[in-house]
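# An overview of the molecular structure
Chain by chain, the residues run as shown.
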Amino acid sequence: MQGQQELKLIHMSEVEATKINWLWYPYIPFGKITMVQGDPGDGKTTTVLAVAAAVTMGSALPESKATAEPMSVIFQTAEDGLGDTVKPRLVRSGADCGRVIVIDESEKELSLSDARIEQAIAQTGARLFILDPLQAYLGADVDMHRANEIRPVLKRIGAIAEKTGCAVVVVGHLNKGTSKSQYRGLGSIDIQAAARSVLTVGRVKGNPYLRAIAQGKNNLAPEGKTIGFELDPDTGFRWAGVLELTIDELLSGSMPERDTTYDRAVSFLKSELADGEQLAAVLFEKAAGMDIQERTVRKAKQALGISSFKKDKRWLWKLPKGENTDE
């Protein structure tokens with residue numbers, strides 16, 4: 001029959017199994033779409049810029065010991081000024097700004113259907129492509145609440161990610177619902193369905209500067225731990241280590257019981273390091289005598305931003321400059 005599509009079949013025995021590679025395990029995979037969502041002002045953009053900064057420097061991200069060669073990043077934003085907001089945040093995060101690229105939209109606005117996205121990734125060799133926010137790049141004719149309109153657009157960007165091996169991160173807002181985390185993303189549920197990993201950024205109750213990144217979906221690996229970070233008006237962004245907080249607790253504003261052993265570890269380190277650097281081995285030994293495990297001490301170390309360095313073949317720890325030990 002004229003116009004009929006020729007049938008083609010694929011036998012799975014002929015399909016080669018491939019390994020998933022990760023920009024940040026298990027949060028951001030290469031060659032796939034990752035969704036980062038949250039309410040306005042909770043730190044979504046600051047978080048993805050901190051990740052971008054680490055990528056440009058080849059630095060390890062939280063809960064990941066792996067480092068890599070510095071890589072280029074394309075950061076596309078429709079909400080923040082490049083000169084007055086994006087550049088200062090990148091500088092504060094320690095980014096190599098020479099490796100951060102923006103597609104010029106001065107003559108024509110960008111959309112997810114734009115051929116310039118694939119061209120830019122191919123030309124720059126970027127390994128991370130960030131769109132902030134998603135709804136600004138869907139195109140004028142696409143209603144983000146209609147599944148039949150959103151699917152083809154996301155399928156195209158997913159195909160580009162797969163083809164280039166670039167990690168694609170799309171930033172989105174949350175709706176005002178109070179249902180489960182997978183239904184809190186603004187727009188059609190198909191947006192989250194297209195993403196292989198969904199990360200939610202939110203405020204941690206009881207601390208005005210503490211935020212968290214919780215993983216609500218992971219199709220490629222076990223879900224990752226909730227990662228904390230601080231947005232202090234004086235000191236800016238700082239990773240704060242693992243938080244014992246679920247995504248539903250983060251979204252509802254409820255808090256689990258406090259880990260008193262962790263609190264004791266924080267107080268212990270502040271006290272021991274108040275007068276200067278100390279041998280890590282000695283700190284572990286003293287902590288063990290207080291029934292504080294090494295894992296908890298390391299968790300408190302990361303939260304306090306304690307630096308470690310080697311001297312005479314032994315590791316020493318030191319509080320960051322200006323740390324207030326009286327708190």
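Residues numbered from 1 in each chain as written. Predicted model: local features only at pLDDT ≥ 70, side-chain atom pairs only at ≥ 80, totals over all residues. Heavy atoms only, no water.

## With respect to the overall build of the chain
- Helix and strand counts for the chain come out as nine helices and 14 strands.
- For a compact globule of 327 residues, the expected C-alpha radius of gyration is about 20 Å, and the chain comes in at 22 Å, within 12% of that figure.
- Considering only C-alpha atoms, the chain reaches an extent of 85 × 45 × 40 Å along its principal axes.
- Pairs at least 24 residues apart make up 65% of the contacts formed inside the chain by residues separated by at least 6 positions.
- When the accessible surface of the chain is totalled, it reaches about 18100 Å², and 48% of it is carbon and sulfur.
- Of the side chains in the chain, 41 bear a positive and 43 a negative charge, and the two mean positions are spaced by 3 Å. (Helix = DSSP H or I, 4+ residues; strand = E, 2+ residues; numbered from the N terminus. Rg over C-alpha atoms; globule rule 2.2 N^0.38 Å. Contact = heavy atoms within 4.5 Å. Areas by Shrake-Rupley, 256 points an atom, 1.4 Å probe, with all protein chains shown as cover. Lys, Arg positive; Asp, Glu negative; His and termini not counted. Charge placed at Lys NZ, Arg CZ, Asp CG, Glu CD.)

## Digging into the packing of aromatic side chains
- Taken as a whole, this structure holds seven aromatic pairs when the rule is applied.
- Where Trp22 meets Tyr25, the ring centres are 5.1 Å apart and the plane angle is 85°; that geometry is what we call edge-to-face.
- Taking the relative accessible area as the measure of exposure, Trp22 reaches 19% and is therefore buried.
- By relative accessible area, which is 44% here, Tyr25 ends up partly exposed. (Phe/Tyr/Trp six-rings, centres within 6.5 Å; stacked < 30°, edge-to-face > 60°. Buried < 20%, exposed > 50% of the residue type's maximum accessible area, 1.4 Å probe, protein only.)

## Concerning the packing of helix 1 (residues 44-57) against helix 2 (residues 82-92)
- Orientation of helix 1 relative to helix 2, taken along the N-to-C sense of each, is 50°, at an axis distance of 9 Å. The orientation of helix 1 with respect to helix 2, classified from their angle, is oblique. Pair helix 1 / helix 2 crosses with right-handed handedness. Contacts between helix 1 and helix 2 involve Thr45, Thr46 and Leu49 from the first element and Val86, Arg89 and Leu90 from the second.
- Split by residue class, the contact of helix 1 with helix 2 holds three nonpolar, two polar and one charged. (Axes fitted to C-alpha atoms, helices over the stretch in contact; angles between N-to-C directions. Parallel < 35°, antiparallel > 145°, perpendicular 65-115°, else oblique. Left-handed = near helix turned anticlockwise from the far one by under 90°. Nonpolar A, V, L, I, M, F, W, Y, C, P; charged D, E, K, R; others polar.)

## Focus on unusual backbone geometry
- Between Tyr25 and the following residue, Pro26, the backbone shows a cis peptide bond with an omega angle of -5°.
- With respect to the helices and strands, Pro26 occurs in the loop between strand 1 (22-24) and strand 2 (28-29).
- Here the residue pair Asp132 and Pro133 is connected by a cis peptide bond, since its omega of -5° sits within 30 degrees of zero.
- Tracing the sequence through the fold places Pro133 in the loop between strand 6 (128-132) and helix 4 (147-164).
- Positive phi is not limited to glycine here, since Asp291 has a value of about 60°.
- Secondary-structure assignment places Asp291 in the loop between helix 8 (280-289) and helix 9 (294-304).
- Although it is not a glycine, Asp312 sits at a positive phi angle of roughly 55°.
- By the secondary structure assignment, Asp312 is in the loop between strand 13 (307-311) and strand 14 (314-318).

## Focus: helix 2
- Every buried residue of helix 2 is listed here: Thr85, Val86 and Leu90. The arc enclosing the buried residues of helix 2, seen along the axis, measures out at 110°, which places them on a common side. Turned more than 90 degrees away from the buried face of helix 2 sit Gly83, Asp84, Val91 and Arg92, all of them exposed.
- Looking one or two residues past helix 2, Gly94 carries a phi angle of roughly 80°, positive in sign. (Arc of directions from axis to C-beta.)

## So, the sheet that holds strand 10 (residues 226-232)
- Within the open sheet, the nine strands sit side by side as 5-4-6-7-3-8-9-10-11. Their pairing is mixed. The strands lining the two open edges of the sheet, one partner per strand, are strand 5 (100-101) and strand 11 (236-243).
- Across six bridges, the pairing between strand 3 (residues 33-38) and strand 7 (residues 167-173) is parallel. Counterpart to Thr34 in the pairing with strand 7 is Val169. (Pairing = 2+ DSSP bridges.)

## Here's the deal with the sheet that holds strand 13
- Pairing in this open sheet of three strands is antiparallel, and the strands run 12-14-13 from one edge to the other. The open sheet has two edge strands with one neighbour each: strand 12 (278-279) and strand 13.
- Where strand 13 and strand 14 come together, five bridges link them in antiparallel fashion. Looking at the pairing, Ser307 lines up with Lys318 of strand 14.

## Observations concerning the environment of Glu223
- Here Glu223 is to be found in the loop between strand 9 (210-218) and strand 10.
- Discounting residues that sit within four places of it in the chain, Glu223 has contacts with Pro26, Gln215, Gly216, Lys217 and Asn218.

## Digging into helix 3 (residues 115-124)
- For helix 3, the complete set of buried residues consists of Ile117, Ala120 and Ile121. Looking down the long axis of helix 3, one finds its buried residues gathered within 95° of arc, a one-sided arrangement. Exposed side of helix 3, more than 90 degrees from the buried face: Ala122 and Gln123 are the residues found there.
- As for helix 3, its buried residues are in contact with strand 4 (73-77), strand 6 and helix 4.
- Where helix 3 terminates, the next one or two residues include Gly125, which has phi positive at roughly 70°.

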